[in-house]
Amino acid sequence: MRVLLLSPYGGHIANTIRNAGDQIVSGGNYVDPEQWPEVDYIVMYGHRRLIKEPILSKYRGRIINIHGSYLPWNRGSYPNLFSWIEDTPKGASIHHVNAGIDTGRIIVRQTVDFSKAPNSTLASSYNAVKAECEVLFARSWSRIRKGDVNGMEQVGALGTSHTRKDAEPIIAKLSKGWDTPVTELTTCMD
């Protein structure tokens, strides 16, 4: 199978794909869909651009996104930051891609428990969620690539969504940037 990997940091993801016997066609993080080669599947991980028609129709059911939140919470930008600020579930999700932002059917998701890591910073918690994303993909890729997953719809009334603009004023207040302890995040909102 030929897989287009759209990711700025897909090393572990790429290894999982290769270990399944699939060929990676790398598109980097930003690639013009008009110039994509023919592939069997598209995997997005940290890709910050929306996939639009006619690509969505052409690859229906064969485009997935690996997202650093426990969907449906924290769709969009800076999911780790907002999971701490809003005290929503933290985790990793893999979902089908549709025309919305992180609104496609959830294939698999996993919470990340930080109760035993009280000294977490935004950076360390982001790295823990990122590692869980990679483990979740490694456990799930064989089923996903065979089409053995249907996923579950995201319930519209549940969940949260955020944009970069939502995050900018909060980021500007972080006392130590991404090394800010998560316990200090409530004071960033004052």
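So, here's what we can say about the structure.

Cut-off values and rules
- Residues numbered from 1 in each chain as written.
- Predicted model: local features only at pLDDT ≥ 70, side-chain atom pairs only at ≥ 80, totals over all residues.
- Heavy atoms only, no water.
- Helix = DSSP H or I, 4+ residues; strand = E, 2+ residues; numbered from the N terminus.
- Expected span 1.5 Å × (residues − 1).
- Bend = angle between axes of the 7 residues up to and from the residue.
- Buried < 20%, exposed > 50% of the residue type's maximum accessible area, 1.4 Å probe, protein only.
- Axes fitted to C-alpha atoms, helices over the stretch in contact; angles between N-to-C directions.
- Parallel < 35°, antiparallel > 145°, perpendicular 65-115°, else oblique.
- Contact = heavy atoms within 4.5 Å.
- Nonpolar A, V, L, I, M, F, W, Y, C, P; charged D, E, K, R; others polar.
- Salt bridge = Lys/Arg side-chain N within 4 Å of Asp/Glu carboxyl O.
- Arc of directions from axis to C-beta.

### Brief notes about helix α4 (residues 122-146)
In step 1: In this model α4 runs 36 Å from its N-terminal to its C-terminal C-alpha over 25 residues, within 8% of the 36 Å that 1.5 Å per residue would give.
In step 2: At Ser140, α4 shows its largest bend, some 55°.
In step 3: Taken together, the buried positions of α4 are Leu122, Ser125, Val129, Glu132, Cys133, Glu134, Leu136, Phe137, Ser140, Trp141 and Ile144.
In step 4: Positive phi shows up at Gly147, right after α4, with a value of about 80°.

### Observations regarding the packing of helix α1 (residues 11-19) against α4
In step 1: Where α1 contacts α4, the axes come no closer than 9 Å and their chain directions differ by 10°. Viewed along their axes, α1 and α4 adopt a mutual orientation that is roughly parallel. Counting all contacts with α1, which are made through His12, Ile13, Thr16 and Ile17, the residues of α4 involved are Glu134, Phe137, Ala138 and Trp141.
In step 2: Here the residues of the contact of α1 with α4 sort into five nonpolar, two polar and one charged.

### Some details on the pattern of salt bridges
In step 1: Following the criterion strictly, the structure yields five salt bridges and no others.
In step 2: Across the pair Asp22 and Arg145 runs a salt bridge, and its minimum N-O distance is 2.7 Å. Here Asp22, found in the loop between α1 and β2 (23-28), pairs with Arg145, found in helix α4; they are 123 residues apart in sequence, far enough to count as distant.
In step 3: Given the relative accessible area of 5%, Asp22 is considered buried.
In step 4: On the accessibility criterion, Arg145 (22% relative accessible area) is partly exposed.
In step 5: Its salt-bridge partner being Lys130, residue Glu134 comes within 3.8 Å of it at the nearest N-O pair. Remark: Lys130 and Glu134 occur in helix α4; sequence separation between them is four residues, near one turn of the helix.
In step 6: Judged by relative accessible area, Lys130 falls into the partly exposed class, the value being 22%.

### Topic: α1
In step 1: By the burial criterion, the buried members of α1 are Ile13, Ala14, Thr16 and Ile17. Taken end-on, α1 shows its buried residues confined to a sector of 160°, consistent with a single buried face. The exposed residues of α1 that point more than 90 degrees off its buried face are His12 and Asn19.
In step 2: Once α1 ends, the next one or two residues include Gly21, with phi positive near 90°.

Keep in mind that these numbers describe shape and distance, not what the molecule does.
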